[in-house]
Amino acid sequence: MLTLTFLAKTVIDLYVMVLLLRIWMQWVHSDFYNPFSQFVVKITQPIVGPLRRIIPSLGPIDSASLLLAYLLMTIKFPLLLLIGSGSISLSPYNLLFGVIALFKAAGYLIFWIMIIRALMSWVSQGRSPMDYLLYQLTEPLMAPIRRILPAMGGIDFSAMVVILILYLINFLGMDMLGELWVML
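Residues numbered from 1 in each chain as written. Predicted model: local features only at pLDDT ≥ 70, side-chain atom pairs only at ≥ 80, totals over all residues. Heavy atoms only, no water.

- An unreviewed UniProt entry lists the protein chain under the name YggT family protein, from Yersinia bercovieri.
- Among the UniProt annotations of the protein chain, the heading Sequence similarities (unreviewed entry) holds the following wording: "Belongs to the YggT family." (UniProt positions renumbered as here; feature names shortened; annotations may be inferred.)

What follows is the structure, encoded as C-alpha cells:
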C-alpha cells in the first residue's frame, strides 16, 4: 500500500506543480517559445485546452489550470485515505484541504525553482534558454528583496531570503495545522 500511496501522491503533486508552473509562466508573461515552456504547455494542453473553452481566463491568471490544480489537490486527500485504509471520507473539509494543499504545492514549486536557478547560475552563467525562463519566473520575487537588501561583495542574497521566507511559511503551517500540514 505504501508504494501505491507514494505513486498516487507523486503523480498528483508533479502534475499540479506543472499546472501551477503554467499559471506562473502566464502570469509573468514568460517566453512561451522557450523549449521548457513548450514542454509545460504540451503536457498540460490535453486537459487544460478543453477546459479553457468552458472557463475563461481571469486577467493574467489561467483559471482553467487553477481549477484543475485545485480539483486534483481536493481529491488527493480522500484518494490517499482510500488507498491507505480502504475507506473513503468525503466531507466539506476536503474543499478547504484542497486550498491548503494548493498553497503548499505553490510554495514547494517556488522553492525548487529558486534552487534550480541558483544551481544553474553556477553552471551555465546565463547562456542557456532555461536561465532566461528561470530569471523571468523568479525576478518578481527577488527584485523587491534586492531593493531592501542589496548585493554584498558581489553575492546576491535575495534567493536565500525568499527560501527563508518559504521555510518560515512552512513552519507556520506546521504550527497551525500539525499533522494535517504534513499529510497534505
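More follows now that the structure is in view.
## Observations concerning the UniProt feature "transmembrane region" (unreviewed entry) in the protein chain
Item 1. Following the UniProt record, one finds the feature "transmembrane region" (unreviewed entry) at residues 6-25, 61-83, 95-120 and 148-169.
Item 2. Note that residues 6-25 is 100% helix and 0% strand, and that its end C-alpha atoms are spaced 28 Å apart.
Item 3. The span residues 95-120 is 100% helical and 0% strand by assignment, and the distance between its end C-alpha atoms comes to 37 Å. (Helix = DSSP H or I, 4+ residues; strand = E, 2+ residues; numbered from the N terminus.)

## Quick word on a nonpolar patch on the surface
Item 1. Taken together, L4, F6, L7 and V11 make up a surface patch of nonpolar side chains, about 420 Å² in accessible area.
Item 2. Assignment of secondary structure puts F6 in helix 1 (residues 2-27).
Item 3. Taking the relative accessible area as the measure of exposure, F6 reaches 57% and is therefore exposed. (Patch = residues over 30% accessible without salt bridge, like charges linked within 9 Å, V, L, I, M, F, W, Y side chains within 5 Å. Areas by Shrake-Rupley, 256 points an atom, 1.4 Å probe, with all protein chains shown as cover. Salt bridge = Lys/Arg side-chain N within 4 Å of Asp/Glu carboxyl O. Buried < 20%, exposed > 50% of the residue type's maximum accessible area, 1.4 Å probe, protein only.)

## Side note on the nonpolar core
A general feature of soluble globular proteins is that nonpolar side chains tend to end up buried together.
Item 1. V16, L21 and L137 are the most contacted members of the largest nonpolar core, which has 35 residues in total.
Item 2. Broken down by secondary-structure element, the contributors of at least two residues to this core are helix 1, helix 2 (35-54), helix 3 (63-85), helix 4 (93-123), helix 5 (129-148) and helix 7 (179-183).
Item 3. No other element matches the 11 residues that helix 1 contributes to this core.
Item 4. Of all hydrophobic cores here, the second largest spans eight residues; its members include M114, M142, I145 and A159. (Core = buried A, V, L, I, M, F, W, Y, C linked by side-chain atoms within 4.5 Å.)

## What about the packing of helix 4 against helix 5?
Item 1. At a closest axis distance of 10 Å, the pairing of helix 4 and helix 5 adopts a crossing angle of 110°. Taken as axis vectors, helix 4 and helix 5 run roughly perpendicular relative to one another. For helix 4 against helix 5, the interelement crossing comes out left-handed. In this structure, helix 4 uses I110, I113, M114, I116, R117 and M120 to contact helix 5, whose residues at the interface are M130, D131, L134, Y135, L137, T138, E139, L141, M142 and R146.
Item 2. Here the residues of the contact of helix 4 with helix 5 sort into 11 nonpolar, one polar and four charged. (Axes fitted to C-alpha atoms, helices over the stretch in contact; angles between N-to-C directions. Parallel < 35°, antiparallel > 145°, perpendicular 65-115°, else oblique. Left-handed = near helix turned anticlockwise from the far one by under 90°. Contact = heavy atoms within 4.5 Å. Nonpolar A, V, L, I, M, F, W, Y, C, P; charged D, E, K, R; others polar.)

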